[in-house]
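Fold and contact review
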Amino acid sequence: MDDELLTVRDVMIWLKVGRTTVYDLIRTHRLPSLTIGRNRRIPAAGVRAYLASRLEYERAA
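Description of the structure in this document. (Residues numbered from 1 in each chain as written. Predicted model: local features only at pLDDT ≥ 70, side-chain atom pairs only at ≥ 80, totals over all residues. Heavy atoms only, no water.)

**Considering the environment of L15**
Locating L15 in the fold gives a position in helix 1 (residues 8-15). Along the backbone, L15 and V47 are 32 residues apart, and their C-alpha atoms lie at a distance of 8.8 Å. Leaving out residues up to four positions away in the same chain, L15 has contacts with L25, V47 and L51. (Helix = DSSP H or I, 4+ residues; strand = E, 2+ residues; numbered from the N terminus. Contact = heavy atoms within 4.5 Å.)

**Re the nonpolar core**
Counting 13 residues, the largest nonpolar core has V11, V22, L31, I42 and V47 as the members making the most contacts within it. Among the elements of the structure, helix 1, helix 2 (19-27) and helix 3 (44-60) are those that each provide at least two residues to this core. No other element matches the 4 residues that helix 1 contributes to this core. In this view, V47 contacts L6, V11, W14, L15, L31 and I42; residues no more than four positions away in its chain are not counted. (Core = buried A, V, L, I, M, F, W, Y, C linked by side-chain atoms within 4.5 Å. Buried < 20%, exposed > 50% of the residue type's maximum accessible area, 1.4 Å probe, protein only.)

**With respect to unusual backbone geometry**
Phi at K16 takes a positive value of approximately 60 degrees, unusual for a residue other than glycine. Along the chain, the position of K16 falls in the loop between helix 1 and helix 2. Although it is not a glycine, H29 adopts a positive phi angle of roughly 60 degrees. Mapped onto the secondary structure, H29 falls in the loop between helix 2 and strand 2 (34-36). Look at H29 and you get exposed, because its relative accessible area is 73%.

Below, the structure written as structure tokens:
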């Protein structure tokens, strides 16, 4: 489901990174997110797009 919204913890587990890294990616607009109430949510499609851009960057290097 492309419109699935993930929590920060979900993204941490998926990318195998820490909480600070996820929030840094959000802060620098490399990872899209939205706030619902007091909760931060990240679209799964946004995580996939971030991974695709990183893979493309790594291939070009």
